[in-house]
Amino acid sequence: AAGPVRLWVRTEPFLVGALPAPPPARLTPHYIRKAAAYARARADQGCFPRLRWPCWRHIACGKLQLSREIAWLYFELFRGLLGPAPPLRLSWAEAEAACTSAEELERQRSKARAQRPGLREAGGTRAEGGRTPTPPEGSLAQPDSSPSLRALQLSVDTLQFLLFLYVQQLHKVSLRRSLLGDEWPSPRSKSPGLPGKSADGNKNWDDQEHLAFVQSHLLDMLELLLEPEQLSASSHSSCSSLMSFESVCALSFLLEGTVNNSGTVRPLHELALRQPCQRHNGYSKVSRTFSLPKLESWLRSSLTANPLAMTVCLKAGKKLAWAQQVEGTTRRAKIACSARVVPEVSPMVIMSQVYRQTLAKSSDTLVGAHVRIHRCNESFIYLLSVTIEKCRNSTFVLGPVETSVHVQSCDNVKVIVVCHRLSLSSTTGCTFHTLTPTQPLILSGNQAVSFAPFHTHYPMLEDHMAHVGLATLPNYWDSPMLVCRDSGDTSVFRLLPPSDFYTFVIPFEMEGDTTEIPGGLPCEYQEVLSQREQKVQLWQRMVREAGLTRDQRKQFQAVVENKFYEWLVQTGNRQQLDSLVPSAVSSKQAAG
């Protein structure tokens with residue numbers, strides 16, 4: 001039965017795809033349009049309908065005046081957003097880890113690279129009978145001269161990539177809005193909690209901001225997707241402009257929806273072809289095009305708030321009682337999850353105001369979810385499955401994160417994670433123990449940041465890493481990229497001195513095969529640990545050889561235990577140990 005179509009803005013392009021920093025000076029709508037025209041005019045050179053890495057590097061560095069590092073950042077960020085399948089991610093990682101120099105790495109990115117036979121890409125099919133399979137998003141397959149190998153070239157869907165570049169305008173600072181007080185928020189802006197409409201400057205999570213952005217820039221983005229002959233001399237559309245079906249398919253990168261509020265979420269291009277919609281959006285079966293004015297009008301009339309995003313999660317999400325919590329400190333904690341309504345859409349988990357608690361969870365609820373941790377203080381949070389913001393004096397242990405971890409406006413937090421990408425802004429005194437195949441991104445407003453090698457493990461860690469396509473190499477934990485102009489001072493970060501390095505033990509039992517830190521430790525850090533171990537063994541030998549009587553041993557043990565207890569109190573570590581002992585009430589809650 002025919003029913004009303006509801007469209008909304010997809011979460012991922014903004015939450016994961018929009019770099020939380022002002023875009024470079026030339027990454028503006030004007031120059032993105034020029035890049036679109038340039039790419040279409042060079043379809044035979046690998047620019048359209050898919051854009052190869054060497055072609056984008058030429059456009060970015062030669063036309064947009066971006067550095068090669070920033071050009072690769074945007075290209076790789078987009079590829080990661082659409083996601084090759086985990087086995088293909090591991091194949092890429094293996095090839096890059098084999099490179100011994102920056103020049104070799106660049107050659108590897110620019111040329112075709114071999115893939116093991118039979119490996120599937122995300123959304124693609126195996127090559128059979130020498131035919132080229134349908135290229136998936138994020139990578140392109142071509143037949144190789146060898147029957148047992150296929151060559152993969154780094155490429156992206158050109159039109160979707162242009163929309164991705166346009167989305168970077170989300171964080172562009174507007175002079176007019178700054179004069180009205182809507183821009184230039186303080187890095188430590190005070191907000192009363194976690195409102196539905198974000199007042200704390202995190203546009204990546206604010207679905208209302210996403211909707212407003214699309215509504216404000218809809219015509220610009222539609223014109224960006226038009227073929228050159230549909231544009232006037234001034235590069236604008238007219239009342240007779242027609243948009244191809246392929247362009248509407250590209251717009252599905254940003255928009256999706258449903259019919260009659262059903263539980264099935266469909267991409268824009270599928271909904272646009274529904275018979276009742278065609279008379280409203282001007283679709284012609286003969287030319288397979290849409291009337292641009294009618295299409296724009298239909299989109300505007302159908303756009304509504306995202307029913308699966310943060311605002312709905314806060315208002316109507318399922319409240320979760322997860323914790324091993326210290327009695328009397330649970331009043332402020334708020335943890336909610338949007339319902340896993342449809343399998344195509346990742347749920348959201350939001351934790352706010354966890355105070356002086358230890359929270360541990362390994363749950364199906366977290367698998368594939370977007371997690372936001374907000375205003376947590378003096379807590380130890382273990383998520384074995386992430387935006388962390390406005391948190392202080394806390395430790396976060398995260399399982400492998402397939403996309404990105406962003407840390408914003410935090411003081412004195414420790415983050416321990418294996419992730420595809422780490423970015424940070426407006427942090428002070430934070431330490432990051434990471435294993436990551438991309439350079440950590442230092443955005444604006446950071447002070448006294450420390451980077452250190454990943455230093456823990458739990459039994460299922462390597463299984464979880466394989467599931468999301470994360471390998472032990474390459475590992476760029478010690479090679480952060482300074483992205484923003486005001487982050488150009490390398491004194492904002494340091495590599496943690498080996499003398500300050502200690503391994504971290506996850507204090508929970510579980511089943512699995514991982515018994516050591518994946519990939520091991522850099523030699524200088526491992527050497528320090530070995531020296532400490534030797535001192536412990538020397539001390540134990542001295543005690544054994546001291547010839548103490550039984551009473552003396554008891555007396556000596558009591559002295560050592562008292563000194564250890566004093567140290568726990570003085571360092572604040574007693575709270576961490578006490579919070580690991582659950583009360584009867586919180587033990588029952590933890591099962592929820």
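Bear in mind the structure is a predicted one, so any value in this text is a computation, not a measurement.

Basis of the calculations
Residues numbered from 1 in each chain as written. Predicted model: local features only at pLDDT ≥ 70, side-chain atom pairs only at ≥ 80, totals over all residues. Heavy atoms only, no water. Salt bridge = Lys/Arg side-chain N within 4 Å of Asp/Glu carboxyl O. Helix = DSSP H or I, 4+ residues; strand = E, 2+ residues; numbered from the N terminus. Buried < 20%, exposed > 50% of the residue type's maximum accessible area, 1.4 Å probe, protein only. Phe/Tyr/Trp six-rings, centres within 6.5 Å; stacked < 30°, edge-to-face > 60°. 1 Å grid on protein atoms, 1.4 Å probe; cavity = no way out; pocket = protein on both sides within 12 Å on 5 of 7 lines; lining within 4 Å. Points joined across faces, edges and corners; volume = space filled by probe spheres on them. Nonpolar A, V, L, I, M, F, W, Y, C, P; charged D, E, K, R; others polar.

Draft legend 1. Spotlight on the pattern of salt bridges. Scanning the model with the defined rule gives eleven salt bridges in all. Two residues, Arg541 and Glu545, come together in a salt bridge whose shortest N-O distance is 3.9 Å. In this pair, Arg541 and Glu545 both sit in helix α16 (residues 523–545), four residues apart, roughly one turn of the helix. Taking relative accessible area as the criterion, Arg541 reaches 38% and is therefore assigned partly exposed. Each of Arg10, Glu12 and Glu256 takes part in one network of salt bridges that share partners.

Draft legend 2. Geometry of the packing of aromatic side chains. With the rule as written, the count across this model stands at 19 aromatic pairs. For the ring pair Trp56 and Phe161, a centre distance of 4.9 Å and an interplane angle of 85° mean the geometry is edge-to-face. Of the two residues, Trp56 sits in helix α3 (residues 53–63) while Phe161 sits in helix α7 (residues 158–167), which places them 105 residues apart along the sequence. Here the two residues Trp56 and Phe161 agree in accessibility, since each one is buried. With a centroid separation of 5.9 Å and an interplanar angle of 20°, the aromatic rings of Phe564 and Trp567 are classed as stacked. You can see Phe564 and its partner Trp567 sitting in helix α17 (residues 550–571), three residues apart, about one turn around the helix.

Draft legend 3. Representation of empty space enclosed by the protein in the model. Estimates place the volume of the largest cavity at around 70 Å³. Around the largest cavity sit Val16, Glu76, Leu77, Gly80, Leu81, Arg89, Glu402, Thr403, Ser404, His420 and Arg421, which together line it. Among the secondary structure elements, those contributing two or more residues to the lining of the largest cavity are α4 (68–82), β19 (395–408) and β20 (414–425). If one sorts the elements of the lining of the largest cavity by residue count, α4 sits on top with four residues. Looking at side-chain class alone, the lining of the largest cavity contains three nonpolar, four polar and four charged residues.

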